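Chains, contacts and geometry: an overview
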Amino acid sequence: MQREQWGSRFGFIMAAAGSAVGLGNIWKFPYLAGTEGGGAFLIVYVGFLVTIGVSLMMAEIAIGRAAHLNPIGAFRKLGGNRWMPVGALGVITAFILLSFYSVVGGWTVAYIVKSISGSLVGGTAEELGQQFGALVSSVGEPIFYHGVFMALTIGIVLAGVAQGIERSVKIMMPALFILLLILVVRSVTLDGAWEGVVFFLTPDWSQVDGGMLSAALGQAFFSLSLGMGALITYGSYLNADANIRSASCWVVGLDTMVAVLAGLMVLPAVFAFNLDPGAGPGLTFITLPAVFGEMWAGAAFQVFFFVMLLIAALTSSISLLAIPVAFFSEQFGIERKKSAVIIGAIIFVMGVPSSLSMGLWADFKILGLPFFDLMSELVDRVLMPVGGMLTALFAGWVAFPKMAEELTNRGTLPFPMLNVWKWMARVFCPLAVGWVMYVGLA
Ligand code: PFF
C-alpha cells in the first residue's frame, strides 16, 4: 500500500506547528509564567526552545522521514530491537498524555457552550472560580465533554493524514493566529495592562532555581511535542525533498511566538483587573472570563477565545492520537479508521480517573498527588525528558549517518552546522536534560 504523504510543505509545517501550539501555549504557559516568576521563566524557557528544542525537533523529524514508520517501527528499523523500547515509551507517553489532555480539551468545549449560552458573562472572579470548580469537580459533565473532545479528535484522525489532519490544520491554524492577535490587542490596551507586560517581560533572576529549570524544560518539551514520537510520526509522512531544518525552525518560531502572545493576552488582562497572576491552572478559565465580563463586547471575545483554545487543543490532540494509530495500523494491519476509534475509546476511558480526580476522587492520592496531577507530572518531569534524552542519544550516536543524510537531503542541501548539531545531540542535550531532571526531582 502506498504510504500517505503531506500534500504540501505548508501543510506539514501547519500540522507540526499545530501539534506544538496547543493548550500548552495558551493555557499552561501563561499560568506557569505567572507562578514561576514571569520574565525570568520566559528567558530560560526560550533558551531551552532554541537549543535543545530545535535540535531535538530536527532529530525526530529526521528519524521519522528516514524510516517512514511509526516511532516503534522507526527505532527498530534504524537501530535494531535494542532501541525499539524508546519508541514504545513514546507510544505509551502519548496514551497517557492524551488521556488527561482531552479532559482539559473537554473543559474548553464546555466553556464554549457556556459562553454561547451566556452563563459566564458578568460574574466576578470569585463566582467564576466557583463555576470552574463546580464544572471540573462534578462527575457527568466533564466526562461528557471529555468524550466530545475525544470524538472530535477521532473524527479528524480517521479521515487520514492529508484529508483529515492536513486539511483541518490549514484552516484552523491561521484562524487561531488571527483570533489570538485580536485578543492580544484587546488585552494590552486595557487600562492598567502595562504592569502585566512588565511582569511578563522583566526577568527577576532570583526566581531561578531547580524547580523552575525543570518546569521550564518540561514545558519546552511539552510545548514542542517532543520526546514521544509525535514528530517522528508526522515526519514519516514527509516527502524526500522537504527541508527539515527550516521546517523545524519555523515550528519552534511559531510555537514560541504563540506562547509569548498568549502571555501578552493573559497577564496584562490579569493585572488590569487586579487578579492574581499566580492563580495556577484556573487562570485561563477563571480570570479571562472575569476580564471578558467587564469588557466591551466581552461576550463575543469570550466565545472567540474558547473557540481558539479548542482549535489549539485539537490540532495537538490529533497529533497525539496519530502516534498509536500509525503504530497499530502499520504493525498489526488494523485499518486506520478502526484503530482510530478503538484507541480513541481506550484513551477516553483512561482519562476518566483524571477527570474524577478533580472531585469525587480528590482524596485518592498516589505519591501525594491526585491522579490528574500525577499523570501530568509523570509526563512532564519523567517520560518526555527521558524520551527526549534517549532520542537525542540515538540520533547522535547510533543513527548519525542516517540523520546526516536526512538533514542535508542526501548531500544536496548544505548544512555547515552539522557537527554542532551532532554534538548537541550526542552530549549537550542528554546532559542538560539529565541535569535538569536531577535538580528538578531532587
Ligand atoms: N504541544 C502540545 C501543547 O503545547 O499543548 C501538547 C502535545 C501535543 C505534547 C502532542 C506532545 C504531543 F505529542
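Before any of the text, the structure's been laid out above.
Okay, so let's go over this structure. Sequence positions are assigned chain by chain, starting from 1 and proceeding in written order. Owing to the predicted nature of the model, reporting of local features is limited to residues with pLDDT of at least 70; listing and counting of side-chain atom pairs is limited to 80 or more, with chain, interface and lining totals taken over all residues. The basis for every side-chain value is the complete set of non-hydrogen atoms in the structure, without hydrogens or water.

Turning next to a nonpolar patch on the surface. Here, patches come from residues exposed beyond 30% relative accessible area and free of salt bridges, joined within 9 Å for like charges and within 5 Å for nonpolar side chains (Val, Leu, Ile, Met, Phe, Trp, Tyr). Here the Shrake-Rupley method, with its probe set to 1.4 Å, supplies the accessible areas, and only the displayed protein chains count as covering residues. One speaks of a salt bridge when a side-chain nitrogen belonging to Lys or Arg is within 4 Å of a carboxyl oxygen belonging to Asp or Glu. Side chains of Val-139, Leu-360, Trp-361, Phe-364, Ile-366 and Leu-367 sit close together on the surface and give an oily, nonpolar patch of about 630 Å² of accessible area. Starting at the N terminus, helices and strands are each numbered in turn, a helix being any DSSP run of H or I of at least four residues and a strand any DSSP run of E of at least two. Mapped onto the elements, Trp-361 comes out in the loop between helix H15 (336–356) and strand S1 (365–366). Remark: exposure states derive from per-residue accessible area (1.4 Å probe, protein chains only) relative to the maximum for the residue type, with buried under 20%, exposed over 50%, and partly exposed in between. Looking at Trp-361, the relative accessible area reads 37%, which means it is partly exposed.

Here Glu-36 lies in the loop between helix H2 (23–35) and helix H3 (39–67). In the structure, Glu-36 is positioned 151 residues away from Ser-187 in sequence and 21 Å away in space, judged by C-alpha atoms. In this description, contact between two residues means that some pair of their heavy atoms is separated by no more than 4.5 Å. With sequence-adjacent residues up to four places away left out, Glu-36 is seen in contact with Phe-41, Gln-207, Met-212 and Ala-215.

We now examine unusual backbone geometry. The phi dihedral of His-68 falls on the positive side, at around 50 degrees, and the residue is not glycine. Assignment of secondary structure puts His-68 in the loop between H3 and helix H4 (71–79). If you check the backbone angles, Ser-225 has positive phi at about 60 degrees while not being a glycine.

The next point concerns the site of the ligand. Here a residue counts as near a molecule or strand whenever at least one of its heavy atoms sits within 4 Å of it. Around the ligand sit 16 residues in total, of which Ser-19, Ala-20, Gly-24, Tyr-101 and Phe-222 are the nearest. Two N or O atoms count as a polar contact when they lie within 3.5 Å, although within protein this holds only if one can serve as hydrogen donor and the other as acceptor, and sequence-adjacent residues are included solely when both atoms are side-chain atoms. Between the ligand and Ala-20 there is a distance of 2.9 Å, counted from a nitrogen atom to a backbone nitrogen or oxygen. At 2.7 Å from an oxygen atom of the ligand is found a main-chain nitrogen or oxygen belonging to Gly-24. In isolation the ligand has 340 Å² of accessible area, and contact with the protein removes 100% of it.

The next point concerns helix H7 (residues 140–158). Helices are assigned an expected span. That span is 1.5 Å times one less than the residue count. Here H7 spans 27 Å end to end across 19 residues, near enough to the 27 Å set by a 1.5 Å rise per residue. Among the residues of H7, those classed as buried are Pro-142, Ile-143, Tyr-145, His-146, Phe-149, Met-150, Thr-153, Ile-154, Ile-156 and Val-157. Looking at the buried residues of H7, the elements they touch are helix H5 (84–117), helix H6 (125–137), helix H8 (161–188), helix H14 (298–332) and H15. Once H7 finishes, Gly-160 follows within two positions and takes phi at roughly 105 degrees, a positive value.

Here we come to empty space enclosed by the protein. Using only the protein atoms, space was sampled on a 1 Å grid; points where a 1.4 Å probe fits but cannot get out form cavities, open sets with protein on both sides within 12 Å along at least five of seven lines form pockets, and lining residues are those with an atom within 4 Å of a point. Grid points are joined across faces, edges and corners, and a volume is the space filled by probe spheres set on the points. All told, the structure shown has 5 cavities of 30 Å³ or more when counted by the stated rule. Reported here for the largest cavity is a volume of approximately 110 Å³. If you trace the largest cavity, you find 17 residues lining it, with Ser-19, Leu-97, Phe-222, Ser-225 and Leu-320 closest to the centre. Broken down by secondary-structure element, the contributors of at least two residues to the lining of the largest cavity are helix H1 (9–20), H2, H5, helix H10 (210–224) and H14.

Take Ala-340: it is sitting in helix H15. Through-space distance from the C-alpha of Ala-340 to that of Pro-324 is 8.4 Å; in sequence the pair is 16 residues apart. Non-local contacts of Ala-340, meaning those with residues more than four positions away in its chain, are made with Ile-154, Val-157, Leu-158, Leu-321 and Val-325.

If you add up the space inside the largest pocket, you get close to 450 Å³. Looking at the largest pocket, it is lined by 23 residues, and the ones nearest its centre are Lys-28, Tyr-31, Pro-281, Ser-376 and Glu-377. Within the residue set of the lining of the largest pocket, elements represented by two or more residues are H2, H5, H6, H10 and helix H16 (371–398). Each residue gets one of three labels, nonpolar for Ala, Val, Leu, Ile, Met, Phe, Trp, Tyr, Cys and Pro, charged for Asp, Glu, Lys and Arg, and polar for the others, Gly among them. The class makeup of the residues in the lining of the largest pocket is 13 nonpolar, 4 polar and 6 charged.

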